[in-house]
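Commentary on secondary and tertiary structure
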Amino acid sequence: MPEMKLLLIGLVQAVFLLLVAPFFTGLSRVLRAKVHSRKGPSILQDYRDIFKLIKRQEVVPAQSSWVFRITPYVIMATMLLIAMIIPVLTLQAPLGMVGDLIVVVYLFTVFRFFFSIAGLDSGSSFAGIGASREMALGVLVEPTIILVLFVVALLSGSTDLGIINQKMATGEISYLSPAVLLGMVAFAVATFIESGKIPFDLAEAEAEIQEGPLTEYSGRSLAILKWSLGLKQMVVNALYLAIFFPFGNAAVVTPSAILVSMVLFLLKVVVIYVVAALLENSMARFVLFKTPAVTWMVFGIAVLSYVFYMVNI
């Protein structure tokens, strides 16, 4: 019975993140407009765009294969599965019996793999460039994420996200540890990059290379892809909060505790989006070739985190 209750919590988490994802992508656009001193779109504009696209006719390139057709559903399913595994609302991982840190890393890889090959499969040269860019960013960012997760797993003695969550919340893993502080900084920058923020990306810019793999998509498939990219931002932020700021997550599964956890989670994500909006609008965009200078520095911070763990400081 406890397993069934946790499975239900996992489903609630996935639906919750799915429903609020367009709100936060809309919030990001509104914050950017405010910083630029312009009116900007409505905060609900992304909901309208998604539902408008769902009603439109879908056109598929003649040269594309089944990969192009199933990719929107694969990446949406992948993000929903990660949303079910991460302890977003409770101190226990809802699907801890089947998924841990390693599974989450593999699922992110599946997302990036299908997103990239779908661009190549479309036959569009612009989509191909976007796919290459997506793979390049993955090569630059994923080593940092994996190394920080490895350090956190060593500190907690487990790859179970629920155990990591509980040890951070109860103070068994101290924030005063240099390994934790450096890992937190490195993971925060990696989360910022994965969220598609300036100076590395511009998540909602249809004409930009980042959305190159989406070039040939239309109708319902494009709606699912856009929704999935918004959900990915939420999932990456939720993973960061679950590992380093699990405070407020429910220790016992009751309706009132879950409701409080939802409110606190939303407040924490709002803070992340406000800080991200201030950062991304205080600097110019990088060209892709300058990105490694930053990502290598961040990877160096992650390596330092591992070194501090090894020397037990």
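If you're wondering where the values come from, they're calculated on a predicted model, not measured in any experiment.

**Examining the overall build of the protein chain**
The helix and strand tally for the protein chain stands at 10 helices and zero strands. Rg of the C-alpha trace for the protein chain: 19 Å, near the compact-globule value of 20 Å for 313 residues, within the 12% margin. Projecting the C-alpha coordinates of the protein chain onto the three principal axes gives extents of approximately 55 × 45 × 45 Å. Burial status across the protein chain gives 52% buried among its 313 residues. In the protein chain, the share of contacts with a sequence separation of at least 24, taken over all contacts with a separation of at least 6, comes to 80%. Total accessible area computed for the protein chain in this model is approximately 14,100 Å², and 73% of it derives from carbon and sulfur atoms. Of the side chains in the protein chain, 21 bear a positive and 18 a negative charge, and the two mean positions are spaced by 8 Å.

**Examining the UniProt feature "transmembrane region" (unreviewed entry) in the protein chain**
According to UniProt, the "transmembrane region" (unreviewed entry) feature falls on residues 6-31, 66-89, 95-115, 136-155, 175-193, 234-252, 258-279 and 291-311. Between the C-alpha atoms that bound residues 95-115 the distance is 25 Å, and the span itself is 71% helix and 0% strand.

**Focus: helix α8 (residues 219-244)**
Taking 1.5 Å of rise per residue, 26 residues should cover 38 Å, and α8 covers 38 Å from first to last C-alpha, within 8% of that figure. Burial within α8 is extensive, with 24 of its 26 residues counted as buried.

**Some words on a nonpolar patch on the surface**
A contiguous nonpolar patch, built from M4, L7, L8, L11 and V12 and spanning about 420 Å² of accessible area, is present on the exposed surface. Here V12 is to be found in helix α1 (residues 2-35).

**Things to note about helix α5 (residues 125-156)**
The end-to-end C-alpha separation of α5 is 46 Å, in line with the 46 Å expected for 32 residues at 1.5 Å each. Largest kink in α5: about 35°, centred on V141, with the proline P143 one to four residues after it. Where α5 terminates, the next one or two residues include G157, which has phi positive at roughly 75°.

**Concerning the side chain of S228**
With respect to the helices and strands, S228 occurs in helix α8. Setting aside residues up to four positions removed in sequence, S228 forms contacts with P72, I75, M76 and M79.

**Focus on the pattern of salt bridges**
Two side chains that carry opposite charge are able to pair once their charged atoms sit near each other. Tallied over the full model, the rule gives six salt bridges. Linking E194 and R112 is a salt bridge whose minimum nitrogen-to-oxygen distance equals 2.4 Å. With a gap of 82 residues between them, E194 in helix α7 (residues 178-194) and R112 in helix α4 (residues 101-121) connect regions that are remote in the sequence. You'll find E194 and R112 in the same group, each marked buried. Here K232 makes a salt bridge to E194, at a shortest N to O gap of 2.9 Å. One end of the pair, K232, is in helix α8; the other, E194, is in helix α7, and 38 residues separate them in sequence. Assessed through its relative accessible area of 7%, K232 is described here as buried. Residue class for E194 comes out buried when judged on its relative accessible area of 13%. The structure contains a network of salt bridges with shared partners spanning R29, D46, D49 and K52.

**Here we look at unusual backbone geometry**
With the exception of glycine, most residues fall at negative phi, and the peptide bonds are largely trans. Backbone geometry at S37 places phi at a positive 60°, although glycine is not the residue there. Among the secondary structure elements, S37 is positioned in the loop between α1 and α2 (45-55). The exposed category is assigned to S37, whose relative accessible area is 68%.

**What to know about the environment of P61**
Note that P61 resides in the loop between α2 and α3 (66-85). Remark: the alpha-carbon pair of P61 and S122, spanning 61 residues in sequence, is separated by 6.4 Å. For P61, the contacting residues outside a window of four places in its chain are F68, S122 and E216.

**Remarks on empty space enclosed by the protein**
Applying the stated criterion across every chain, the model contains three cavities of 30 Å³ or more. Of the volumes computed, that of the largest cavity is approximately 190 Å³. Lining the largest cavity are 16 residues, with F108, R112, E142, I145 and E194 sitting closest to its centre. Among the elements of the structure, α4, α5, α7 and α8 are those that each provide at least two residues to the lining of the largest cavity. The element that contributes the greatest number of residues to the lining of the largest cavity is α4, accounting for five residues.

**A word on the environment of P292**
Locating P292 in the fold gives a position in helix α10 (residues 291-310). The exposure class assigned to P292 is partly exposed, which follows from its relative accessible area of 23%. Spatially, the C-alpha atom of P292 lies 8.8 Å from that of L137, the residues being 155 residues apart in sequence.

**Here's the deal with the nonpolar core**
The tendency in soluble globular proteins is for nonpolar side chains to be buried side by side. Residues L17, L161, M234, V235, F244 and F265 are the most contacted members of the largest nonpolar core, which totals 82 residues. Ranked by residues supplied to this core, first place goes to α8 with 17 residues. Excluding residues that lie within four positions of it along the chain, M234 makes contacts with L17, V20, A21, F24, F265, V269 and Y273.

Conventions used here
Residues numbered from 1 in each chain as written. Predicted model: local features only at pLDDT ≥ 70, side-chain atom pairs only at ≥ 80, totals over all residues. Heavy atoms only, no water. Helix = DSSP H or I, 4+ residues; strand = E, 2+ residues; numbered from the N terminus. Rg over C-alpha atoms; globule rule 2.2 N^0.38 Å. Buried < 20%, exposed > 50% of the residue type's maximum accessible area, 1.4 Å probe, protein only. Contact = heavy atoms within 4.5 Å. Areas by Shrake-Rupley, 256 points an atom, 1.4 Å probe, with all protein chains shown as cover. Lys, Arg positive; Asp, Glu negative; His and termini not counted. Charge placed at Lys NZ, Arg CZ, Asp CG, Glu CD. UniProt positions renumbered as here; feature names shortened; annotations may be inferred. Expected span 1.5 Å × (residues − 1). Patch = residues over 30% accessible without salt bridge, like charges linked within 9 Å, V, L, I, M, F, W, Y side chains within 5 Å. Salt bridge = Lys/Arg side-chain N within 4 Å of Asp/Glu carboxyl O. Bend = angle between axes of the 7 residues up to and from the residue. 1 Å grid on protein atoms, 1.4 Å probe; cavity = no way out; pocket = protein on both sides within 12 Å on 5 of 7 lines; lining within 4 Å. Points joined across faces, edges and corners; volume = space filled by probe spheres on them. Core = buried A, V, L, I, M, F, W, Y, C linked by side-chain atoms within 4.5 Å.

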